[in-house]
Amino acid sequence: MNEIKRREILFLYDVTFANPNGDPNDENKPRIDEETMINYVTDVRLKRTIRDYLKDYKNKEIFIFEESGEKGERISKKERIKKYGNDPRKALEECIDLRLFGSTFAIENKDKGKKKEETSETTESQENNLSITGPVQFKFGKSLHRVKSEFVKGTTVMPGKEGKQAGTFTEKHVLPYSLICFSGLVNGKVAEIEGINLTLDDINLMYEGMWEGTKTLFTTSKAQQPRLLLEVVYKDETFHIGDLEKGLKLITKVEEEALRSPEDYSVDITNLVSLLEKYKDHIDFIRVKEGDLIKFNYNGEQTSLSKVLIDKGFEVKEFGF
C-alpha cells in the first residue's frame with residue numbers, strides 16, 4: 001500500500017517583461033482571459049518546467065520530453081515506449097515524471113496480423129490504449145491581478161555576403177509583470193489505485209523542480225522567479241480543503257496593470273490562514289518556502305507566512321533544498 005499522505009500545494013512565481021505561456025493558436029501571445037484580463041498558464045507548462053529540471057540537472061529518467069532522431073524527426077511517445085519493451089509499467093518504474101503525472105499510451109498489439117476474433121480487446125487500429133492517472137495534478141495557474149500585454153518590436157542584424165549586413169524585424173508579445181499562482185494536489189490514494197510506487201523522494205524532487213526549475217528557466221521569453229511554495233500535509237487520505245488559492249489577495253496602491261515588481265504590492269494571507277485554522281485538526285504539518293522580495297500581509301501588518309503559521313500553533317517545516 002502506498003503511504004503517501006494527501007497534500008495540497010500553492011506555488012507563486014512571477015515573470016517580468018516575458019511570456020509565461022504562449023498560445024500557439026493566437027500568434028503565441030500570452031494567455032489572457034478576455035473577460036477578466038487575468039493571465040493564465042497551463043498545467044502542461046509547469047510540468048514541463050519540472051521535467052526539464054529533473055532531466056537536465058538531476059539526471060532523472062524522463063519519459064515525456066522533446067527528442068529528435070538522426071534525421072531530425074520528432075520521436076513520439078509511441079516510439080519511445082519501445083525503449084521499455086512496449087511495457088508502460090516498466091516505464092512507470094523508471095520514469096519519475098510518469099510516477100508523478102501519469103500519461104496515456106498507444107501500444108502496438110503484439111498479435112497484429114491475427115484474425116480479429118483470435119485476439120482479445122483488440123481495436124480496429126490494432127493498438128492497445130492505456131491511460132494512467134497521475135497522483136499529482138495541477139489546476140491552470142492564474143495571475144492574482146489583471147494584466148496588459150505589450151507588443152515589442154526589434155531588429156536582428158546578421159553578417160551577409162561581401163561583408164554586408166542583413167537585418168530582419170523581430171516582434172513578440174510580453175507581459176510587463178505577472179504574479180502567477182498554481183494550486184495542486186498530491187493524492188496517494190490515486191497512486192495506490194493505479195499501482196504507482198510514488199515515493200517521498202519523488203515528491204521532494206518535484207518541489208525542487210518547481211522552485212529551482214523556475215529559476216533556471218531564464219531566457220528572454222521566461223524571465224521569472226519563484227516567490228512562494230506551500231505544502232499542506234493532511235492526516236486523512238480522503239480529506240483536503242481545496243481552493244487554497246482563493247485565500248490569497250493582492251493589495252496594491254497602483255493600477256493592477258501597472259504592476260512591475262514585488263515592490264508594488266503585498267499578498268494578503270489573512271483568509272488563507274483563517275481557512276487553515278478552520279481545518280487545523282485535519283492538518284499534520286505544513287512546509288513553506290518564501291522567496292526574496294515578496295511581502296505578505298496578515299490583518300493589516302507586514303509579516304512572513306511561516307511566522308504567522310507558527311504563531312497559530314501549526315507544525316511548520318522547511319523544504320530540503
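Above this note sits the structure.
What counts and what doesn't
- Residues numbered from 1 in each chain as written.
- Predicted model: local features only at pLDDT ≥ 70, side-chain atom pairs only at ≥ 80, totals over all residues.
- Heavy atoms only, no water.
- Helix = DSSP H or I, 4+ residues; strand = E, 2+ residues; numbered from the N terminus.
- Buried < 20%, exposed > 50% of the residue type's maximum accessible area, 1.4 Å probe, protein only.
- Contact = heavy atoms within 4.5 Å.
- Phe/Tyr/Trp six-rings, centres within 6.5 Å; stacked < 30°, edge-to-face > 60°.
- Lys NZ or Arg CZ within 6 Å of the ring centre and 35° of its normal.
- Arc of directions from axis to C-beta.
- Core = buried A, V, L, I, M, F, W, Y, C linked by side-chain atoms within 4.5 Å.

Asks: Would you mind showing me how to read the side chain of Asn187 here?
Replies: Mapped onto the elements of the fold, Asn187 is located in the loop between strand S11 (165–186) and helix H5 (188–194). By relative accessible area, which is 13% here, Asn187 ends up buried. For Asn187, the contacting residues outside a window of four places in its chain are Arg6 and Pro135.

Asks: What is the right way to look at the packing of aromatic side chains in this model?
Replies: Any two aromatic rings considered together are summarised by their centre-to-centre distance and by the angle between their planes. According to the stated counting rule, one finds 13 aromatic pairs in the structure shown. On the basis of an interplanar angle of 5° and a centroid distance of 6.1 Å, the ring pair of Tyr40 and Phe140 is categorised as stacked. Residue Tyr40 is found in strand S5 (residues 38–41), and its partner Phe140 is found in the loop between strand S8 (136–138) and strand S9 (141–146); the two are separated by 100 residues along the sequence. A connected cluster of aromatic rings, assembled from ring pairs, spans Phe11, Tyr13, Phe101, Phe138 and Phe182. A cation over a ring is seen here: Arg80 above Phe65, with NZ or CZ 4.3 Å from the ring centre. Looking at Lys280, its charged tip hangs above the ring of Phe314, at a distance of 5.2 Å from the centre.

Asks: Can you help me understand helix H7 (residues 270–278) in this one?
Replies: For an α-helix, 3.6 residues make a turn, and residues three or four places apart therefore share a direction. Thr270, Leu272, Val273 and Leu276 are the residues of H7 that are buried. Seen along its axis, H7 keeps its buried residues to an arc of 165°; they face one direction.

Asks: What exactly am I supposed to notice about the nonpolar core here?
Replies: Membership of the largest hydrophobic core comes to 41 residues, with the highest contact counts inside it found for Phe138, Val186, Met206, Tyr207 and Met210. When contributions to this core are tallied by element, the ones reaching two or more residues are strand S1 (7–18), helix H1 (43–56), helix H3 (88–94), helix H4 (96–101), S8, S11 and helix H6 (200–216). Per-element tally for this core: the top contributor is H6, with 6 residues. With sequence-adjacent residues up to four places away left out, Met210 is seen in contact with Ile9, Phe11, Leu46, Ile50, Phe138 and Leu229.

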